[in-house]
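# Understanding the architecture of this molecule
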Amino acid sequence: MSKAPRKTSGSAGDGFGRTGRGKKVLESAGIIHGEVPPRDVLLKFIAEHPDQASKREIAKAFGLKGETRIVLKALLKELETDGMVHKSRKSLMRPGGLPPVTVLDITTRDKDGGLIGRPAEWPEENGAAPAVIIRQSSADRQKGKAPVGGIGDRVLAKIFPSKEASGPAYTARIIKLIDRRQGGSLGVFKETPGGGGRLMPIERRGDEMVIDPDGVGDAKDGDLVEVETSRNSGRYGLPRAKVLSVVGSVASEKAISMIAIHAHGIPHIFPSDVLAAADAAKPATMAHREDWRKLPLITIDPADAKDHDDAVYAELDPSPDNPDGVIVTVAIADVSYYIRSGSPLDREALKRGNSVYFPDRVVPMLPERISNDLCSLKEGVDRPALAVRMVFSKEGRKASHTFHRIMMKSAAKLSYQQAQAAIDGNPDDKTGPMLEPILRPLWHAYEVMKIGRDRRQPLELDMPERKIILKADGTVDRVHVPDRLDAHKLIEEMMIQANVCAAETLEQKKQRLVYRVHDAPTIAKQEVLREFLNTIGYSLVKGGQVRANSFNGILARALDTPHQIIVNEMVLRSQSQAIYSPDNIGHFGLNLMKYAHFTSPIRRYADLIVHRALVGSLGLGEGGITPQEEATLADVAAEISTFERRAMAAERDTVNRLIAHHLSQRVGEEFEGRVGGVTKAGLFVALPQFGADGFVPISTMGTDYYIYDEAHQALTGEKTGLGYQLGDTVQVRLAEAVPLAGALRFEVLNEGKKMPAATRSFHKTTRRTSGPTPGTRPPRRRR
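Residues numbered from 1 in each chain as written. Predicted model: local features only at pLDDT ≥ 70, side-chain atom pairs only at ≥ 80, totals over all residues. Heavy atoms only, no water.

### Quick look at the overall build of the protein
- Tallying secondary structure elements over the protein gives 18 helices and 35 strands in all.
- Taken across its 783 residues, the protein has 50% of its residues classed as buried.
- Looking at the protein alone, contacts between residues at least 24 apart form 67% of all its contacts between residues at least 6 apart. (Helix = DSSP H or I, 4+ residues; strand = E, 2+ residues; numbered from the N terminus. Buried < 20%, exposed > 50% of the residue type's maximum accessible area, 1.4 Å probe, protein only. Contact = heavy atoms within 4.5 Å.)

Written out as structure tokens, the structure reads:
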């Protein structure tokens, strides 16, 4: 790439901000100030200065103006296209690096007693999470300038590159203490001779602890226990702990979700002041509200739902200006009335970020008095709500919308199956009278909205979600894949459009908010997908302007073919992670430019923020967003994005442990599975009937040497030419089940299929004597 002309004009301090970092980099590389640096210098600067890695800051740091800024922009785009950097909010960062502000879990101390933290969430594909040294100046602590952290705490921290050649690559300064875990920890108690015992960690990153004889309590060998940890070291330098409670035998399914709760640091006990505030809450009044109690809004939810935060109604538009158009009304529980910014209830909701759903329990964001009572849109009960009334033309285009703060009374509580059965010609005593006046207009409105959805062409992945059905004693009964009904799609599309209206209204009011954003797949991920698709004769359009509908043709082509499942999985893996952000980049998967979560304030803090923003900007009464809250939206968005990933990981780990426990009595049995992942170390095999994944170490795959072909997602025997490829059906024997780790290890029984010669010319990986931890798996992403 040609370099921009050298410039020597300008003051010595031009463009270097307060630190002169760019100048130092330039001097060390022999580059003149005002000249666009080469790729290697840019990459070094981005890696070493994550807090100055936006395009604007980089230009300032290197003193670039005019034409040189255009050259810089092109060079940064080139680096992004090559997968050398990627965007994190407005900044650029190296793959595997930490963003300038990160949520850390403080896990241990170094040899000098300093605190060491690791990112709370870290993609498995990036290897081990980097250690970060927490810098806490004694002067700052004494003056109260910085929060003080300790082992077990979760903190929001400013990240800096380490200046030391050895040790962790990052240092950090605590910005905010998110969660002090009160020294609580979970593990398996193991007795030791002479009394007392050890606490064995339930996660690989956990520390073993010493339990003195007087701290054992009622714990017995093998019990899953909750302990209180001391910040002082015990024997052998290990932390000392005291048993607080016995959760139960580690073999019990009832303990499995509790393991995930503790392993991921999910707050699950409401403080007394929060419960007191919830108990003291009074029903909302009619102040600042419209009376919509006669409008027959209904709730349609899963049959086992305990709270109901959305209700819907539809009718034909009577306006002659909109022939055959429809009016769709979505009413959402008015949580902002009860949860005021800065209150104990608000602080606890933010600490949790969202509700977490396990097969045997729910860890709610809000106390039951709020979520299951005052804010639940119960049938026949007056409830406050924030409603949006949307007008659509017969072509499915939204013509207008308005927001209203209302008092409503749900006309009926229906399940998805109940509503669908009525539409399909099988109404019951409840849905029969509602069929013509309420249900059919809803389905007609959905058909109109679907015209607009089809025109928009969002990403159409077909990934059925499995649901674990438990017996009365908490053990696994079966794994069920619920039918995907039009009733589900109807509610989903109406909620999506309500979310769009919220974002549009707040933008029109120039009100800051938290968007739900989803970036396009990175060039690197597109290339991996493209190479795989080429192996099965499919193609993906090249270039950085790929759109959601670029994938839909591929998905449609794979429909009802042997490649359907694997193509859907590979497209899913290519997608970016959806996050919350005050900066809008649109939602790639939904193919929407303005999108904000509004429809689930009972279970998502992001929606509560949007509700407050609407109340404040539209002058709808009490409970609006505050200036203090607006000022912290960037940090809050980062926190709740992290908490969402935490919840997903905890839910996934619990399912894995439940299935491993369920299958632990079937070691030695044979199953039909499908290759769901291929690595240099072996195969990940899924058992579709159980929703389970296990690992086949390469050490158990015979005596051949295997060649790993990333493009074809295959392992091929060098001598035999037989191998396994992503999506292949295989027979496996369950060799080991480790419920505590949620791990399954399989042995593959069939010798594989004849592989094309192309798969034998890639990276050769020798037969191994050990593989990764059984049950670990390639990361999967959700929209």
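The discussion continues.
### A short note on helix H8 (residues 344–352)
- Three or more residues of H8 are buried, namely Leu345, Asp346, Glu348, Ala349, Leu350 and Arg352.
- In the segment just after H8, Gly353 is the residue with positive phi, at about 80 degrees.

### Considering the packing of helix H14 (residues 548–558) against helix H15 (residues 564–574)
- Relative to each other, H14 and H15 sit at 160 degrees, their axes nearing to 8 Å. Relative to H15, H14 is oriented roughly antiparallel. In terms of crossing hand, the pair formed by H14 and H15 is left-handed. Contacts between H14 and H15 pair Phe551, Ile554, Leu555 and Ala558 from the former with Gln564, Val567, Asn568, Val571 and Ser574 from the latter.
- Classifying every residue of the contact of H14 with H15 gives six nonpolar, three polar and no charged. (Axes fitted to C-alpha atoms, helices over the stretch in contact; angles between N-to-C directions. Parallel < 35°, antiparallel > 145°, perpendicular 65-115°, else oblique. Left-handed = near helix turned anticlockwise from the far one by under 90°. Nonpolar A, V, L, I, M, F, W, Y, C, P; charged D, E, K, R; others polar.)

### Some remarks on the packing of aromatic side chains
- For the coordinates displayed, the defined rule picks out five aromatic pairs.
- Aromatic side chains Phe403 and Phe598 sit 5.6 Å apart centroid to centroid with 90 degrees between the ring planes, which places their arrangement in the edge-to-face category. Placement of the pair is Phe403 in strand E20 (residues 398–409) and Phe598 in the loop between strand E25 (579–581) and helix H16 (605–617), with a sequence separation of 195 residues. Here Phe403 matches Phe598 in class, with each residue buried.
- Geometrically, the ring pair formed by Phe671 and Phe690 is edge-to-face, given 5.9 Å between the ring centres and 85 degrees between the ring planes. Of this pair, Phe671 sits in strand E26 (residues 670–679) while Phe690 sits in the loop between strand E27 (682–687) and strand E28 (692–697), placing them 19 residues apart in sequence.
- Overall, Phe671 belongs to the buried group, its relative accessible area being 5%.
- Geometry around Tyr337 places Arg340 over its ring, the cationic atom sitting 5.3 Å from the centre. (Phe/Tyr/Trp six-rings, centres within 6.5 Å; stacked < 30°, edge-to-face > 60°. Lys NZ or Arg CZ within 6 Å of the ring centre and 35° of its normal.)

### Let's talk about the pairing of strand E31 (residues 722–725)
- Side chains Leu722 and Tyr724 of E31 all project onto a buried face; the interleaved residues Gly723 and Gln725 project onto the opposite face, where all are buried too.
- Examined bridge by bridge, strand E30 (residues 714–717) and E31 share three bridges and lie antiparallel to one another. Across the sheet, the residue bridging to Leu715 is Tyr724, located in E31.
- The loop that links E30 with its antiparallel partner E31 comprises four residues; one of these, Gly721, has a positive phi angle of about 75 degrees.
- As defined by bridge partners, E31 adjoins strand E34 (residues 753–754) across two bridges and the pair is classed as antiparallel. Looking at E34, one finds that Gly723 is bridged to Lys753. (Pairing = 2+ DSSP bridges.)

### Quick notes on the side chain of Ser415
- If you trace the backbone, Ser415 turns up in strand E21 (residues 412–415).
- A polar atom in the side chain of Ser415 sits 3.0 Å from the backbone nitrogen of Gln418.
- Each residue touching Ser415, except ones within four places of it in the same chain, is listed here: Ile300, Asp301 and Ala303. (Polar contact = N/O pair within 3.5 Å; in protein donor to acceptor, adjacent residues only side chain to side chain.)

### What about the packing of H16 against helix H18 (residues 633–663)?
- It is at 10 Å that the axes of H16 and H18 come closest, and there the two elements cross at 150 degrees. Relative to H18, H16 is oriented roughly antiparallel. Contact residues: Tyr605, Ala606 and Ile609 in H16; Leu633, Val636 and Ile640 in H18.
- Looking at the contact of H16 with H18 residue by residue, the classes come out as six nonpolar, no polar and no charged.

### Focus: helix H6 (residues 256–263)
- Of all eight residues in H6, eight are buried; the element is thus mostly enclosed.
- All of the buried residues in H6 are Ile256, Ser257, Met258, Ile259, Ala260, Ile261, His262 and Ala263.
- Residue Gly265 follows H6 closely and has a positive phi angle near 65 degrees.

### Re the nonpolar core
- Counting 90 residues, the largest nonpolar core has Ile298, Val328, Val330, Leu442, Met494 and Phe598 as the members making the most contacts within it.
- The dominant element in this core, judged by the number of residues it contributes, is helix H12 (residues 486–508), at 10 residues.
- When sequence neighbours within four positions are dropped, the list of residues in contact with Val328 reads Tyr313, Ala314, Val388, Arg389, Met390, Phe392, Ala445, Met449 and Met494.
- Counting residues in hydrophobic clusters, the runner-up holds 49 residues, among them Val476, Met570, Ile659 and Leu663. (Core = buried A, V, L, I, M, F, W, Y, C linked by side-chain atoms within 4.5 Å.)

### A word on the pattern of salt bridges
- Under the defined criterion, the tally for this structure stands at 39 salt bridges.
- Here Arg154 makes a salt bridge to Asp105, at a shortest N to O gap of 2.6 Å. Taken together, the positions of Arg154 in strand E6 (residues 154–161) and Asp105 in strand E3 (residues 101–109) put the pair 49 residues apart, joining distant regions of the chain.
- Residue Arg154 is classed as buried on the basis of its relative accessible area of 4%.
- One salt bridge in this structure joins Asp454 and Lys450, with 3.3 Å as the shortest N-O distance. You can see Asp454 and its partner Lys450 sitting in helix H11 (residues 435–456), four residues apart, about one turn around the helix.
- Note on Asp454: relative accessible area 39%, which makes it partly exposed.
- Linked through salt bridges whose partners overlap, the residues forming this network are Asp291, Arg293, Asp382 and Lys409. (Salt bridge = Lys/Arg side-chain N within 4 Å of Asp/Glu carboxyl O.)

### Structural notes on the confidence of the model for the protein
- Of the residues in the protein, 82% have a pLDDT of 70 or more, and the chain-wide mean is 83.
- The low-confidence segment residues 1–22, where pLDDT is below 50, has 40 contacts with residues more than four positions distant or belonging to other chains.
- Within the model, pLDDT remains below 50 along residues 762–783, and this stretch shows 73 contacts once partners closer than five positions in the same chain are excluded. (pLDDT = per-residue confidence, 0-100.)

### Notes on unusual backbone geometry
- Of note, the phi angle at Gln457 is positive, near 55 degrees, even though the residue is not glycine.
- Summarising the element assignment, Gln457 is placed in the loop between H11 and strand E22 (467–470).
- The phi torsion at Lys510 lies on the positive side, around 55 degrees, for a residue other than glycine.
- With respect to the secondary-structure elements, Lys510 resides in the loop between H12 and strand E24 (515–517).
- You can call Lys510 exposed: its relative accessible area is 76%.

### Quick notes on the environment of Val448
- Checked against the element boundaries, Val448 lands in helix H11.
- Residues Val448 and Glu395 lie 53 residues apart in sequence; the distance between their C-alpha atoms is 6.6 Å.
- Excluding its chain neighbours within four sequence positions, the residues that come into contact with Val448 are Val326, Phe392, Ser393, Lys394, Glu395 and Gly396.

### Some thoughts on the environment of Thr642
- When you line up the elements, Thr642 lands in helix H18.
- Judged by its relative accessible area of 7%, Thr642 falls in the buried class.
- Those residues in contact with Thr642 that sit more than four places away from it in its chain are Val103, Ala120 and Glu121.
- From its side chain, Thr642 meets the backbone oxygen of Ala638 in a polar contact 3.0 Å long.

### Quick look at the environment of His488
- Take His488: it is sitting in helix H12.
- Placed 72 residues apart in sequence, His488 and Tyr416 show a C-alpha to C-alpha distance of 6.6 Å.
- Excluding its chain neighbours within four sequence positions, the residues that come into contact with His488 are Tyr416 and Asp483.

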